[in-house]
Amino acid sequence: MTRGDELFHRALRLFPGGVNSPVRAFKSVGGTPRIIDRARGCRLTDVDGRNYIDYIGSWGPMIAGHAHPDVIRAILRCVQHGTSFGTPSPPEIELAEEIIARMPGIEKIRFVNSGTEAVMSAIRLARAATGRTHVVKFEGCYHGHADLMLVKAGSGVATLALPDSPGVTRGSAQTTLVAPYNDLAAVERLFERHGSEIAAVIIEPIAGNMGVVPADEDFLHALRSLTAERGALLIFDEVMTGFRVTPGGAQAFYGVSPDLTTLGKIIGGGMPVGAYGGRTDLMDLVAPAGSVYQAGTLSGNPLAMSAGLATLRLLDDAAYVGLKMGSARLQHGLETLLKRKGGPGVVQRAGSMLSLFFIDRPVRNFTDARAADHAKFAAFFHGMLERGVHLPPSGYEAWFVSMAHDDAAIDETLDAAADALARL
Ligand code: HOZ
């Protein structure tokens, strides 16, 4: 038995499914998760000393690569002065200024501790601002695990094929209306039926939790007009795409400005974080400026803020050019291998997030994502793992390329993929 297996057996006695978040378990691909000891750049090392090129990237935050010296230095500098004060401190102000300067839809922001919290709070704010109750979400989009968002969700919910979650009351789920992704007519029908009750439409403008599925440009622009006409708010969940797909997130890429935006992942540089922000008039409804209550003991934590700030400062134009080149090299390499092998396969990419679907047509929504061959993905995943490439253990998750994935790492990945595909 390897040290990893021994530790995972202990973990199984301690945690549900042996993990502290469902997507980490190898439930849909089989086998047991690698127990990671350390990471540097684009590589992970497990407790048995095996190395892997990493495409999980902690599910998005590690855009600069693991243990980037600037991020580590910022954390070390900060930690010497204490870990949490429960009072305002400079790093939160500097990070907020940096985010607001880059993200077009954010004029004012509130830091929280996770993407789930950010979404929960943004929806409370939308309900308060509009005096309405209902929220429209899209099938296969994942917005964290708040009760009303656990309806036809992506990510671990899709991976584990859970219809919805027990424990969510009918009352919570009833105010959530669901439409297929990229389907404007379905959204229009919901507005016809429930228009006066809809507080907000929430969407991942580039979905990353059913694999990578970009929204059609016309669709997002139409959502913007429809919500404005009908007095509902448009919320972009940019927890994954924020500072990932362009310097200003998906909203800058599409030129669509939402009323509210949720963030997480990259803005914490690998430390726990979340944020929601948007128009000043809306954000000023939040306590103590306004009466919409939302709070957090560790919100704006100086360590997380410092790590996030150091990460954002690394993300200059040259960094985005490098990220795009590396990711495009990976995409084109995979596409060439798939063509050569003759099997059906589609690689979908937005900036430095991508995914591979074993399917013969572009994936535009959750029905398409589900129709991909997930058993084949599982075999491919294990083929890659054996050859030292750690993909996310699900066909519904995005792969993340970092600034540390150099040409050599991408070429190594493609060599592994050639072998893994040949063995399918
Ligand atoms: N939402 C991310 C996966 N798509 C990661 C967080 C989790 O562990 O669920």
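Attention here is on the structure that accompanies the text.

Looking now at the overall build of the protein chain. Each helix and strand counted, the protein chain has 15 helices and 16 strands in total. The C-alpha extent of the protein chain, read off along each of the three principal axes, is 55 × 55 × 45 Å. Per-residue burial over the protein chain gives 56% buried out of 424 residues. A total of about 17,400 Å² of accessible surface is found on the protein chain, and carbon and sulfur atoms cover 53% of it.

On to the sheet that holds strand β16 (residues 399–400), then. Consider a sheet: its strands pair through backbone hydrogen bonds, and that pairing is either parallel or antiparallel. The three strands lie next to each other as β13-β14-β16, forming an open sheet whose pairing is antiparallel. Every other strand in the sheet has two partners, leaving β13 (346–350) and β16 as the edge strands with one partner each. Bridging between strand β14 (residues 353–357) and β16 involves two bridges; their strand directions are antiparallel. If you follow Met353 over to β16, its bridge partner there is Phe400.

What follows covers the pattern of salt bridges. Tallied over the full model, the rule gives 22 salt bridges. The salt bridge involving Asp368 is made with Arg361; its shortest N-O contact spans 3.5 Å. Under the relative-accessibility criterion, Asp368 is labelled buried at 12%. Where salt bridges share partners, they join Glu94, Glu98, Arg102 and Arg313 into one cluster.

What follows deals with unusual backbone geometry. For the bond running from Ala287 to Pro288, omega is 10 degrees, close enough to zero to count as cis. Summarising the element assignment, Pro288 is placed in the loop between α10 (280–283) and α11 (302–314). You will see that Asn182, though not glycine, has its phi angle at about 70 degrees, which is positive. Locating Asn182 in the fold gives a position in the loop between β6 (176–179) and α7 (184–194). The residue Phe243 is not glycine, and still its phi comes out positive at about 65 degrees. Judged by its relative accessible area of 0%, Phe243 falls in the buried class.

The subject of this paragraph is the packing of aromatic side chains. Counted by the stated rule, this structure contains eight aromatic pairs. Between Phe138 and Tyr181, the ring centres sit 6.2 Å apart and the planes meet at 85 degrees, which makes this aromatic pair edge-to-face. With Phe138 in strand β5 (residues 134–138) and Tyr181 in the loop between β6 and α7, this residue pair connects regions lying 43 residues apart in the sequence. As far as burial versus exposure is concerned, Phe138 and Tyr181 are alike and both buried.

Turning our eyes to something else, we now look at the pairing of β13. With four of five residues buried, β13 lies mostly within the body of the structure. As defined by bridge partners, β13 adjoins β14 across five bridges and the pair is classed as antiparallel. Within β14, the position partnered with Gln348 by the bridge is Ser355.

The rules behind each value
By convention here, each chain's residues receive numbers from 1 onward along its written sequence. Selection of residues for local features in this predicted model requires a pLDDT of at least 70, selection of side-chain atom pairs for listing and counting requires 80 or more, and totals for whole chains, interfaces and linings are taken over all residues. Excluded from the side-chain calculations are hydrogens and water; all other atoms, namely the structure's heavy atoms, are used. Secondary structure elements follow DSSP: runs of H or I no shorter than four residues count as helices, runs of E no shorter than two count as strands, and numbering proceeds from the N terminus. Per-residue accessibility, obtained with a 1.4 Å probe over protein chains only, is compared with the maximum for each type, and a residue is labelled buried under 20%, exposed over 50%, and partly exposed between these values. Only the protein chains shown count as covering a residue, and every accessible area follows the Shrake-Rupley method with a 1.4 Å probe. Here the rule is simple: two strands pair whenever DSSP picks up at least two bridges between them. Whenever a carboxyl oxygen of Asp or Glu lies within 4 Å of a side-chain nitrogen of Lys or Arg, that contact is scored as a salt bridge. Pairing of aromatic rings covers Phe, Tyr and Trp, the last through its six-membered ring, and needs centres within 6.5 Å; plane angles under 30 degrees mean stacked, over 60 mean edge-to-face, and all others mean tilted.

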